[in-house]
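Fold and contact review
Each chain, written out:
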Amino acid sequence: MAVKKKRSLMDRFLLGSEKSEGYARATLPSNRWELFWDIFKGSFFKLILINLLILVFCIPFIALLIFRYMSIASYGMIFPFSQSFGVGYGAPFSMVGLSESIVYQTDLMVMVLMPITFLIAAVGISGGAYVIRNMVWTEGIFVSNDFWHGIRKNFKQISIVMLIYSCILYFSMITLALCDLQIASGVSNQWIFVVSKVMTLTLIVTLTIMTLHMIPMSVTYEVKLRALIKNSFLFTIGMLPQNIFFIVLGLIPYLITLLGQFFSIIGVLIIIVFGVAYFLLVWTDFCQWGYDRFINDKVPGAQKNKGIYTKVGKDEAAALKEYKKQIALAERSSLSNKPIKPITDDELKVAELPTSFNRADIEKLNQSKQAIYEDHERYVKEHMSDPEFQKNEQDIEYEKQQEERQKRIEKAKKELSKRKHDD
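First, a word on what this report is: a plain description of the structure on this page. Keep in mind that what you see is a predicted model, and the values were worked out from it rather than measured. (Residues numbered from 1 in each chain as written. Predicted model: local features only at pLDDT ≥ 70, side-chain atom pairs only at ≥ 80, totals over all residues. Heavy atoms only, no water.)

**Looking at the overall build of the protein chain**
Summing up its helical and strand segments, the protein chain has 14 helices and zero strands in all. Listed by position from the N terminus, the elements making up the protein chain come as α-α-α-α-α-α-α-α-α-α-α-α-α-α. Within the protein chain, the proportion of its 423 residues that are buried is 33%. Nonlocal contacts in the protein chain, meaning residues at least 24 apart in sequence, comprise 74% of its contacts between residues at least 6 apart. Surface summary for the protein chain: the accessible area is close to 28500 Å², and the carbon and sulfur share equals 63%. (Helix = DSSP H or I, 4+ residues; strand = E, 2+ residues; numbered from the N terminus. Buried < 20%, exposed > 50% of the residue type's maximum accessible area, 1.4 Å probe, protein only. Contact = heavy atoms within 4.5 Å. Areas by Shrake-Rupley, 256 points an atom, 1.4 Å probe, with all protein chains shown as cover.)

**Some remarks on the nonpolar core**
With 48 residues, the main nonpolar core has Ile-50, Ile-132, Met-135, Leu-281 and Trp-283 as its most contacted residues. The set of elements that each furnish at least two residues to this core consists of α2 (32-42), α3 (44-78), α5 (114-136), α6 (143-185), α7 (190-220), α8 (225-238), α9 (240-250) and α11 (261-294). Take this core: its biggest share by element is 13 residues, from α11. Residues contacting Ile-132, with those up to four places away along its chain left out, are Leu-47, Ile-50, Ala-277, Leu-280, Leu-281 and Thr-284. Ile-125, Ala-177, Ile-204 and Leu-207 belong to the second largest nonpolar core, which has 23 residues in total. (Core = buried A, V, L, I, M, F, W, Y, C linked by side-chain atoms within 4.5 Å.)

**Re α11**
Between the first and last C-alpha of α11 there are merely 43 Å, a value that for 34 residues lags more than 12% behind the 50 Å anticipated at 1.5 Å per step. Roughly 70 degrees is the biggest bend found in α11, and it falls at Phe-274. (Expected span 1.5 Å × (residues − 1). Bend = angle between axes of the 7 residues up to and from the residue.)

**Here we look at the packing of α5 against α7**
Contact pair α5 / α7: the axes reach a minimum separation of 9 Å and the direction vectors enclose 65 degrees. Put simply, α5 runs roughly perpendicular to α7. Seen from above, α5 lies across α7 with right-handed handedness. Contacts between α5 and α7 involve Ile-125, Ala-129, Tyr-130 and Arg-133 on the former and, on the latter, Ile-215, Val-219 and Thr-220. Partitioned by chemical class, the residues of the contact of α5 with α7 number five nonpolar, one polar and one charged. (Axes fitted to C-alpha atoms, helices over the stretch in contact; angles between N-to-C directions. Parallel < 35°, antiparallel > 145°, perpendicular 65-115°, else oblique. Left-handed = near helix turned anticlockwise from the far one by under 90°. Nonpolar A, V, L, I, M, F, W, Y, C, P; charged D, E, K, R; others polar.)

**What about the packing of aromatic side chains?**
Within this structure, the stated rule accounts for 25 aromatic pairs. Here the aromatic rings of Phe-57 and Trp-148 are separated by 6.4 Å at their centres, their planes lie at 80 degrees, and the arrangement is edge-to-face. Here Phe-57, found in helix α3, pairs with Trp-148, found in helix α6; they are 91 residues apart in sequence, far enough to count as distant. Of the residues examined, Trp-148 reaches a relative accessible area of 42% and is grouped as partly exposed. The lysine or arginine in question, Arg-133, covers the ring of Trp-137, its NZ or CZ lying 4.0 Å from the ring centre. Above the ring of Trp-137, the side-chain terminus of Lys-306 is found at 3.8 Å from the ring centroid. (Phe/Tyr/Trp six-rings, centres within 6.5 Å; stacked < 30°, edge-to-face > 60°. Lys NZ or Arg CZ within 6 Å of the ring centre and 35° of its normal.)

**Thoughts on a nonpolar patch on the surface**
Among the surface-exposed residues, Leu-240, Ile-244, Val-248, Leu-255 and Leu-258 lie close enough to one another that they form a single nonpolar patch of about 450 Å² accessible area. Examining the composition of the nonpolar patch, we find that three residues originate from one element, α9, more than from any other. Examined against the element boundaries, Leu-240 turns out to sit in helix α9. (Patch = residues over 30% accessible without salt bridge, like charges linked within 9 Å, V, L, I, M, F, W, Y side chains within 5 Å. Salt bridge = Lys/Arg side-chain N within 4 Å of Asp/Glu carboxyl O.)

**What to know about the pattern of salt bridges**
Side-chain pairs of opposite charge can arise whenever the charged atoms involved come near each other. Per the stated rule, a full pass over the model turns up six salt bridges. The closest approach of N and O atoms between Lys-197 and Asp-180, which form a salt bridge, is 2.6 Å. In this pair, Lys-197 sits in helix α7 while Asp-180 sits in helix α6, placing the two residues 17 residues apart along the sequence. Taking relative accessible area as the criterion, Lys-197 reaches 29% and is therefore assigned partly exposed. Its relative accessible area of 27% is what places Asp-180 among the partly exposed residues. Sharing partners across several salt bridges, the network here consists of Arg-32, Asp-285 and Asp-292.

**Regarding the side chain of Asp-285**
Its place among the elements puts Asp-285 in helix α11. Look at Asp-285 and you get buried, because its relative accessible area is 6%. In this view, Asp-285 contacts Arg-32, Leu-35, Phe-36 and Val-136; residues no more than four positions away in its chain are not counted.

The quantities given are spatial measurements derived from coordinates; they are silent on function.
Here it is in structure tokens:
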């Protein structure tokens, strides 16, 4: 009886837990929800590493937001917004709309640097989105290697997307601050600024969802910018309820920070550890579902349901019949139409080597093997014309499918070699 060797702790850490004998293909994820949970619990430490790599390139944008907050707060300390006015304290000027003016001036001067910080963040997003996409496709990944490969492959497209988004976002912020200033100042026809504010907020929300769609779409397909904008707009409008649901689901760590001081600390820690990668995983998994439903059937060579296992239902008679047919063909071998001599001849035996053997014993062993081989070849020639060994339609179809399969394999190898050369 063979003794099963116990695996070391380092071996289990590097190669993963060993599958039991009862492990079957049916245990693989059969839908996007199961796939998300399978990735989250099975690749959690990889998500942490991806999150940290992305955050490194988001530091300039985070620093810009902190500087904006400190600038507004410093103005709040200089101007006497909350000081009491009584005997000896006269207001030097009217403070109507002063706070809105401070926000407007700060955004105008400070947030002009936002496009630059977004370009830096695009480096991390292009690498992180590429690794997350490979995880959703259940492809083997090396985080650091795939991260830099994703940057080289996708930075150009994503940087253009982020630059357009940041510029429009900057002017939208200035517009909102200006509308707030005019409304607070009590100008006439305030409804114009209220409508402008609503329209600007709608633009920001729509553009944000479009940008979120453009990122995984750029990583998944080779598509021009015009088609990218068009498709992302259709996904934004056509799947608006699903977009809102999965955005809220992905922003759970960020929403925790709004629950109070204690929860704010917990939320910030979650964001630092895996918050950004978690959002990318939720959003990429959702987008791949949308691509399977609306795009992949129209794209030549695109594979649907990558990363999930589609089960065959009992009521799917046609699909089940085709599945069994493919299994039957796959189980056939080159020996199906070749005569095999039954083992009945006692005179044909492999010579056994004694405990102490010499050259003569080895030659005797080789001669016995050669005799068995020659006898078998004679049997094959004598019975090759027998009816039961003639090729039928199934055999011809099997050989044809094998030839087509070999051609597809060769074509895929050439395409893979070409892609590696282009990269």
